[in-house]
Amino acid sequence: MTWLRHKTHDVPWLPGEKRQVWSVEARVEFEAQGEPVKVSLAVPQTQTRFERLAEYTASPGYGLAFVENGRERRAEWSIRNADGPQTLYYRLDLLVDPSLTVADTAPPLEAPSNLFDDSPHATSALHMLDSAVERSADNFTLARELILEFNLQKQSAGFLEQRQARSRWLKQLLNYAQVPAREVKVLTLEDGRRRQRLQTYLQVFQGERYQLFDPRSGRVGLSPNQVMWEYRSGSVLELIGGSQSDVSFSIINQEIPVSQGLEKEGDHFSLLEFSIHSLPVEEQALFKGILLVPVGVLVVVLMRVLVGLRTSGTFMPVLIALSFIQTSLLTGLAGFLLIVGVGLVIRSYLSHLSLLLVARISAVIISVIAMVAVFTVIAYELGLNEGMKITLFPMIILSWTIERMSILWEEEGPHEVFVQGGGSLLVALIAYLLMTNDIVRHLTFNFIGLQLVFMALVLLLGGYTGYRLLELRRFSVLGKGD
Amino acid sequence: MLNLLRELKDLRKKGVLGMNRRNISYIGRYNERRLYPLVDNKLTSKRLAIEAGVSVPELLGVVTSQHGIATTELALREQSGFCLKPAKGSGGKGIMVIRRGTEGGYLRSNGQVISPEDLRRHMSNILAGLFSLGGAPDQVLVEALLECDPSLTGYSHEGVPDLRLIVFQGVPVMAMMRLACAASHGKANLHQGAVGVGISIADGRAVLAVQKDAPIKRHPDTGMDLRDLQVPRWQEMLELGCNCADMTGLGYLGVDLVLDKTLGPALLELNARPGLSIQIANGTGLLPRLREVEALRNPARLSVTERIAFAQAHF
């Protein structure tokens, strides 16, 4: 089956040798109120670095049209009567082409009315503009200095942002200074991400050229995996006849052979039919993670049956490895050791209270959550954004780990705790390294048939009656007998 | 790598039984799952033993609920010595041996004095399932204290030495004496540092003694020469082991026996997943012996005496 997929569908064995295609899915949700509904979603066009390959929509019962008004392109759904929660999908395949450049023309200048009244906001904003103008040479440096000014004068900036977003102020101030600029919505492409949001950037023009600025940091330009979703000064989503609208994005990365990427633009669904690839992108992204679990499980089976490592909790290492993927390795390791370490101290206090088992574990769960909260706040205050990822750990599993290790400590002493804890971490590490490996990710996602191979391997190992690697050492006294 | 391969060959030649093979080929094949509770719960195995006429340490009481703890503790103050065990405990976890009551407390076998409060907390922990497999709620057994047979005193520091027999399809295949010592804190488990003495099935004499996987000659605390160790009343011990296997119906069983001063050979506990270190203590692998028994035609039909005769002739 896996071979078939490779041969007939030409899905490559190895990643990297092919063109990169990002599939982005926008999911529009809203509450219809039993009236005619009209939904209009801004959709991107071919732009610098990204070529639009194909687009698909899923919207049962809705009429759909792509409207080009002016230079803006929008998907418009309409229906006569709809009631209750509605979900519409728009999916876009973007081919990465680093050599592609698309020029853009500057938007007309707008006269920002609220800078001409004598409100304290206007005064304060114009004051900042003045000092930025003095330090700037052209349009781009003015934008940079203006953002710097906002970052330096935190109090004024905070005061201004009470009224409207910083990017809006920046745009208005630049227009005031006769610099064409607009706000654009940028999507960061990250493989396997779900429920991603758009970020607002500032596009500043100088003649035919333009540059993008991050209104927070003042960083110039887009990173290679950022795409402009909406860049015509319009709104991302417009809705008539509904409420509580929301749009979120799911992204996955696919490798497509160059030939296929170019020829089969239209019907690449039929090519990959009967696979996970026909699911909506959000579910695909989910499966990308799920399909990795068997790899981790296989590692656990290997380590326990062939090597004989002891781990605390049979599949705990897989779950730890999964959370390492979310947190990145170092943060994950540090967080894990921190929580388990402090958890053991708390647990040793709890054991003096002679509680019943269920109550004790519940107490441990609550303290683990409290610890996670405290560490996250401390990490945030210290400016360590990485530390906030601790929240991604599976709390219940952590609590059981603490409980088991604590009992182990009481019964067998610290040595055994380190043996088992170390064993668990080692297995988790190996599982993590495998599961983050690009080749493994590529294979498990594109060849579902491999799951059967994993199954077969596990069944085979289940019947293995030979020695475990560590038993060779344990019984080595016996071997030397003669 | 080459070293590992050589080691693998050596172990194969010696017929050492590994964990995987034990689980699949022996425990999985010969031990029926439904029989496990008989041995996993000390209370049921004790009742079974009494029915079958096997002598066991006297059961002083059972605590099944939290509110039973206080009354039991009061009653125990009168006792000269006793032993608390979790019914579903494994690997000797949670066992507390009390020598005698002292002023305002109890004297443990390792010389530590604990308060009645500590004793009650220990019982509460047992009930909560701290020592049981999978943390299931448990019961506390209160047993009379065993007294070491005079012929064996001196071989054990604290605690009574016990004999572990592996009984396969009713035939005793390997035996080991476990002696507690200071390094093992009075516990008789080999991985906790107790001394293991391999015993010949034929005559009950010591074959080899090991501590922490290394061969030793003398008991580390008492200095007794372990090579002189011979288990008294050996035939009775073997018969008792066979009877225990018959009454449970398990094909691959670990039987722990003791030699009590007054009771004589008595059953301490049964184990459906006996450990593999017995091979280290005997300096030889289990596999050849197990295969010989497997080659027997219908060992279950043989009488106990015939099986023991077979074992003594072969092992």
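Residues numbered from 1 in each chain as written. Chains lettered and ligands numbered in written order. Predicted model: local features only at pLDDT ≥ 70, side-chain atom pairs only at ≥ 80, totals over all residues. Heavy atoms only, no water.

1. Focus: the nonpolar core
- In terms of nonpolar packing, the biggest core is built from 72 residues, with Leu163(B) and Leu267(B) touching the most fellow members.
- Residue contributions to this core peak at eight residues, all from helix H7 (residues 234-248) of chain B.
- If you look at the next biggest cluster of nonpolar residues, it comprises 38 residues, including Leu344(A), Val372(A), Leu425(A) and Ala428(A). (Core = buried A, V, L, I, M, F, W, Y, C linked by side-chain atoms within 4.5 Å. Buried < 20%, exposed > 50% of the residue type's maximum accessible area, 1.4 Å probe, protein only. Helix = DSSP H or I, 4+ residues; strand = E, 2+ residues; numbered from the N terminus.)

2. Brief notes about the packing of helix H11 (residues 329-350) of chain A against helix H14 (residues 414-436) of chain A
Residues and elements named next belong to chain A.
- Across the interface, H11 lies against H14 with an axial gap of 12 Å and an inter-helix angle of 160°. Here H11 lies roughly antiparallel to H14, going by the angle between them. The chirality of how H11 crosses H14 is right-handed. Between H11 and H14, the residues in contact are Leu329, Leu333, Phe336 and Leu337 and Leu425, Leu429 and Tyr432, respectively.
- Its residues assigned to classes, the contact of H11 with H14 comprises seven nonpolar, no polar and no charged. (Axes fitted to C-alpha atoms, helices over the stretch in contact; angles between N-to-C directions. Parallel < 35°, antiparallel > 145°, perpendicular 65-115°, else oblique. Left-handed = near helix turned anticlockwise from the far one by under 90°. Contact = heavy atoms within 4.5 Å. Nonpolar A, V, L, I, M, F, W, Y, C, P; charged D, E, K, R; others polar.)

3. A word on the confidence of the model for chain B
- Confidence in the prediction for chain B averages 85 pLDDT; 98% of positions are at 70 or higher.
- We note a pTM of 0.68 for the whole complex and an ipTM of 0.73 for its interfaces. (pLDDT = per-residue confidence, 0-100.)

4. Points about the environment of Asp225(B)
Residues and elements named next belong to chain B.
- Within the secondary structure, Asp225 sits in the loop between strand S11 (214-215) and H7.
- Its relative accessible area of 15% is what places Asp225 among the buried residues.
- As for Asp225 and Ala209, which are separated by 16 residues in sequence, their C-alpha atoms are 9.9 Å apart.
- Sequence-distant contacts of Asp225, defined by excluding residues within four places in its chain, comprise Tyr155, Lys217 and Arg218.
- Polar side-chain contacts of Asp225 include one of 3.0 Å to the backbone nitrogen of Arg227. (Polar contact = N/O pair within 3.5 Å; in protein donor to acceptor, adjacent residues only side chain to side chain.)

5. Some remarks on the packing of aromatic side chains
- Tallied over the entire structure, the rule returns 13 aromatic pairs over all chains.
- Ring centres 5.6 Å apart and planes at 50° place the aromatic pair Phe205(A) and Tyr210(A) in the tilted group.
- Taking the centre distance of 6.2 Å and the plane angle of 90° together, the rings of Phe310(B) and Phe315(B) count as edge-to-face. Assigned by exposure class, Phe310(B) and Phe315(B) land together as buried.
- Chaining the aromatic ring pairs together yields one cluster made of Phe66(A), Tyr90(A), Trp229(A) and Phe249(A). (Phe/Tyr/Trp six-rings, centres within 6.5 Å; stacked < 30°, edge-to-face > 60°.)

6. Focus: the interface of chain B and chain A
- If you look at the interface, chain B gives 37 residues, while chain A gives 31 residues.
- Carbon and sulfur atoms make up 58% of the surface buried where chain B meets chain A, a total of about 2900 Å² over both sides.
- Of all residues in chain B, the largest losses of buried area upon contact with chain A belong to Leu11(B), Asn20(B) and Leu130(B), amounting jointly to 21% of the total for that side.
- Inspection of the chain B/chain A interface yields zero salt bridges.
- Elements represented by at least two residues in the side of chain B that touches chain A include exactly helix H1 (2-14), helix H2 (19-30), helix H6 (116-128) and helix H8 (278-282) of chain B.
- For the side of chain B that touches chain A, the leading source of residues is H1(B), giving eight residues.
- Split into classes, the residues belonging to the side of chain B that touches chain A amount to 13 nonpolar, 14 polar and 10 charged. (Buried area = accessible area lost by both parts, 1.4 Å probe. Salt bridge = Lys/Arg side-chain N within 4 Å of Asp/Glu carboxyl O.)

7. What to know about the pairing of strand S5 (residues 181-188) of chain A
Residue and element names in this part refer to chain A.
- Along S5, seven of the eight residues are buried, which leaves the element largely enclosed by surrounding structure.
- Summarising the sheet, S5 and strand S7 (residues 199-206) pair through six bridges and their orientation is antiparallel. The residue bridging Glu183 from the neighbouring strand is Leu202, located in S7.
- The pairing of S5 with strand S9 (residues 226-230) spans four bridges and is classified as antiparallel. Note that in S9 the partner of Lys185 across the bridge is Glu230. (Pairing = 2+ DSSP bridges.)

8. Some remarks on the pairing of strand S8 (residues 171-179) of chain B
All names here are of chain B.
- With nine of nine residues buried, S8 is to be regarded as a mostly interior element.
- The loop that links strand S7 (residues 162-168) with its antiparallel partner S8 comprises two residues; one of these, Gln169, has a positive phi angle of about 50°.
- Judged from the five bridges that link them, S8 and strand S9 (residues 195-199) form a sheet pairing that is antiparallel. From the neighbouring strand, Met177 faces S9, where its bridge partner is Val197.

9. A short note on the pattern of salt bridges
- Going through the model one piece at a time under the given rule, you end up with 30 salt bridges over all chains.
- Between Glu149(A) and Arg135(A) there is a salt bridge whose closest N-O contact spans 2.9 Å. Separated by 14 residues along the polypeptide, Glu149(A) in helix H3 (residues 139-152) and Arg135(A) in the loop between helix H2 (120-134) and H3 bring together distant segments of the chain.
- A relative accessible area of 5% places Glu149(A) in the buried class.
- One salt bridge in this structure joins Glu147(B) and Lys261(B), with 3.4 Å as the shortest N-O distance. Linking Glu147(B) in the loop between strand S6 (140-144) and S7 with Lys261(B) in the loop between strand S12 (252-260) and strand S13 (264-271), this pair joins segments that are 114 residues apart in sequence.
- Judged by relative accessible area, Glu147(B) falls into the partly exposed class, the value being 44%.
- Taken together, the shared-partner salt bridges in this structure form one network comprising Arg135(A), Arg144(A), Glu145(A) and Glu149(A).

10. Some remarks on the confidence of the model for chain A
Residue and element names in this part refer to chain A.
- Taken as a whole, chain A shows an average pLDDT of 79; of its residues, 87% reach a score of 70 or greater.
- Element-level mean pLDDT values for chain A span from 46 in helix H6 (residues 258-263) up to 90 in helix H9 (residues 293-307).
- Note that residues 259-272 has pLDDT below 50 and, in this model, 28 contacts with residues that lie over four places away or in other chains.

11. A short note on the sheet that holds strand S3 (residues 96-102) of chain B
All names here are of chain B.
- On the basis of which strands lie adjacent, the open sheet formed by six strands has the order S1-S6-S2-S3-S4-S5 and antiparallel pairing. At either margin of the open sheet sits one strand with a lone partner, and together these are strand S1 (59-63) and strand S5 (113-114).
- Across five bridges, strand S2 (residues 82-86) lies against S6 in antiparallel orientation. Looking at the pairing, Lys85 lines up with Leu141 of S6.
- Across the sheet, helix H5 (residues 68-76) lies against S1, S2, strand S4 (105-108) and S6, angled at about 160° from S1, the strand it touches most.

12. Description of a nonpolar patch on the surface
- On the surface, Val374(A), Ile378(A) and Leu382(A) cluster together into a nonpolar patch covering about 290 Å² of accessible area.
- Its place among the elements puts Leu382(A) in the loop between helix H12 (357-381) and helix H13 (395-412). (Patch = residues over 30% accessible without salt bridge, like charges linked within 9 Å, V, L, I, M, F, W, Y side chains within 5 Å. Areas by Shrake-Rupley, 256 points an atom, 1.4 Å probe, with all protein chains shown as cover.)

13. Examining the sheet that holds S9(A)
Residues and elements named next belong to chain A.
- A sheet is described by the order of its strands in space; here four strands give the open sequence S8-S7-S5-S9, paired in antiparallel fashion. Two strands in the sheet have a free side with no partner beyond their single neighbour: strand S8 (209-213) and S9. When the angles between neighbouring strand axes are averaged without regard to direction, this sheet yields 45°.
- In the packing of helix H5 (residues 166-176) onto the sheet, contacts are made with S5 and S7, and the angle to S5 comes to roughly 145°.

14. Focus on unusual backbone geometry
- Of note in this structure, Gln178(A) is not a glycine but carries a positive phi near 65°.
- Within the secondary structure, Gln178(A) sits in the loop between H5 and S5.
- The class for Gln178(A) is exposed, based on a relative accessible area of 56%.
- A positive phi angle is found at Gln169(B), which is not glycine, with a value near 50°.
- Looking at the element boundaries, Gln169(B) is found in the loop between S7 and S8.

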